[in-house]
Amino acid sequence: MDSNLIVEKRNGHAVVTVNRPKVLNALNRSTVLELDATFAALKDDREVGAVILTGAEKAFVAGADISEMVDMSALEARNWSRLGQEVFSRIENFPRPVIAAINGFALGGGCELALACDIRIASAKAKFGQPEVGLGIIPGFAGTQRLTRLIGKSMSKLLVFSGDTIDAEEALRIGLIDKVVAPEELLATAEAIVGRILAKSPLAVAQAKLAIMRGSEMGSEDGYAFEAETFATCFSGPDQKEGMSAFVEKRKPAFRT
Ligand code: DAK
């Protein structure tokens, strides 16, 4: 089977590039399965403290592969949607940070893939949208869910009902992405953010991710209780003593967990 991903390990993190540029990196079934296998392998790789997800050439991902969906039955469509949802959820729940470096078109399933990442940095050339209703379908990889939680019901309806494509500045304005940079600075910016994260306590970063992700799905009181548990977990490894001792001793901490 030809690979549709490029996986490179660099300085404590991995860069995963979706590489089907002839179809603007559209996600067919084999690419979705390959993403799943790649993230499963990276999860077990202790040398990988964070992952940057990007796309080859002019697209991040221009959506699910339309040519594979044309003749699907309703049952096949449900299975395809569930597969995408499950794989994207595993990416979202990857135990270390995942940063989308969005270099170009992030449409349909591509926008949904970016939404499954923790942080979204975009090139000024990137374009975003959920054009599915123009194809007679709706977003099927949890776009109606994650998008709505991130940007709110009303803005989500505007994007999904109209199928409009928006540019990076507009995506930043509505809170869909976190930063816009010049195209040539995209990867360096993502790697600089990763570098700052990797200098911190891995256990604390992982617990913070859990607290934000799980806590935001709970009511306030349960969220506070969950935060207290994840806070307490930070005291179970050596990093808390090291971080605080380093502060008191006016030196840089050397984190291990
Ligand atoms: N799928 C397959 N091929 C695609 C593609 C896609 N999503 N996007 C682009 N391509 C292909 C084009 O067909 C073209 O192939 P050739 O004609 O060269 O063979 C090649 O990539 C280059 O594209 P263009 O020639 O169109 O390039 P342009 O620069 O002129 O236009 C574009 C770029 C991004 C504006 C245009 O390609 C475009 O509109 N693409 C489609 C974007 C789109 O509609 N994306 C959403 C796809 S639907 C669900 C599960 C999943 C989903 C929904 C439901 N359930 C089962 C419930 C998710 C759905 C989607 O993501």
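This section reports on the structure supplied with the text. Owing to the predicted nature of the structure, the values given are computational and were not obtained by experimental measurement. (Residues numbered from 1 in each chain as written. Predicted model: local features only at pLDDT ≥ 70, side-chain atom pairs only at ≥ 80, totals over all residues. Heavy atoms only, no water.)

Here the phi dihedral of Ala142 falls at roughly 75°; this positive angle occurs in a residue that is not glycine. By the element assignment, Ala142 lies in the loop between strand S8 (127-129) and helix H5 (143-151). (Helix = DSSP H or I, 4+ residues; strand = E, 2+ residues; numbered from the N terminus.)

For strand S1 (residues 5-10) and strand S2 (residues 13-18), the ladder comprises 6 bridges, and the chain directions are antiparallel. Note on S2: the bridge partner recorded for Lys9 is Ala14. (Pairing = 2+ DSSP bridges.)

Time to look at the site of the ligand. Taken together, 25 residues lie near the ligand, and Lys58, Ala62, Ala64, Ala77 and Gly109 sit nearest. Here an oxygen atom of the ligand sits 2.7 Å away from a polar atom, N or O, in the main chain of Ala64. For the ligand, whose accessible area on its own is 1100 Å², the fraction buried by protein is 63%. Of all the elements in the fold, those that place two or more residues in the shell around the ligand are helix H2 (66-69), helix H3 (74-92) and strand S6 (105-107). For the shell around the ligand, the element with the highest residue contribution is H3, accounting for 3 residues. Residues belonging to the shell around the ligand are distributed by class as follows: 16 nonpolar, 5 polar and 4 charged. (Near = heavy atom within 4 Å. Polar contact = N/O pair within 3.5 Å; in protein donor to acceptor, adjacent residues only side chain to side chain. Areas by Shrake-Rupley, 256 points an atom, 1.4 Å probe, with all protein chains shown as cover. Nonpolar A, V, L, I, M, F, W, Y, C, P; charged D, E, K, R; others polar.)

A few words on helix H6 (residues 153-162). Taken together, the buried positions of H6 are occupied by Ser156, Leu159 and Val160. One face of H6 carries all of its buried residues, which in axial projection span an arc of 90°. Exposed and facing more than 90 degrees away from the buried side of H6 are Ser154, Leu158 and Phe161. Where H6 is buried, its residues meet H5 and strand S9 (165-167). Positive backbone phi, at 70°, marks Gly163, one or two positions downstream of H6. (Buried < 20%, exposed > 50% of the residue type's maximum accessible area, 1.4 Å probe, protein only. Arc of directions from axis to C-beta. Contact = heavy atoms within 4.5 Å.)

It is worth spelling out the environment of Thr230 at this point. Within the secondary structure, Thr230 sits in helix H10 (residues 220-233). For Thr230, a relative accessible area of 6% corresponds to the buried category. Each C-alpha atom, one on Thr230 and one on Pro202, is 13 Å from the other, the two residues being 28 residues apart in sequence. Apart from residues lying up to four places away in sequence, Thr230 is in contact with Gln207, Leu210 and Ala211. A distance of 2.9 Å separates the side chain of Thr230 from the backbone oxygen of Glu227, its partner in a polar contact.

A few words now on the packing of helix H9 (residues 202-215) against H10. Following both chains from N to C, one finds H9 and H10 inclined at 170°, their axes separated by 9 Å at the closest point. For the element pair H9 / H10, the angle class is roughly antiparallel. Contact residues: Leu203, Gln207, Leu210, Ala211, Arg214 and Gly215 in H9; Gly223, Phe226, Thr230 and Thr233 in H10. By residue class, the composition of the contact of H9 with H10 is 4 nonpolar, 5 polar and 1 charged. (Axes fitted to C-alpha atoms, helices over the stretch in contact; angles between N-to-C directions. Parallel < 35°, antiparallel > 145°, perpendicular 65-115°, else oblique.)

Running from amino to carboxyl end, helix H1 (residues 29-43) crosses H3 at an angle of 25°, the nearest separation of the two axes being 10 Å. In terms of their interaxial angle, H1 and H3 are classed as roughly parallel. Once H1 is placed against H3, the crossing between them reads as left-handed. Along its contact with H1, which presents Arg29, Val32, Leu33, Leu35, Asp36 and Phe39, the element H3 presents Trp80, Leu83, Val87, Arg90 and Ile91. Residues of the contact of H1 with H3, tallied by class, amount to 8 nonpolar, no polar and 3 charged. (Left-handed = near helix turned anticlockwise from the far one by under 90°.)

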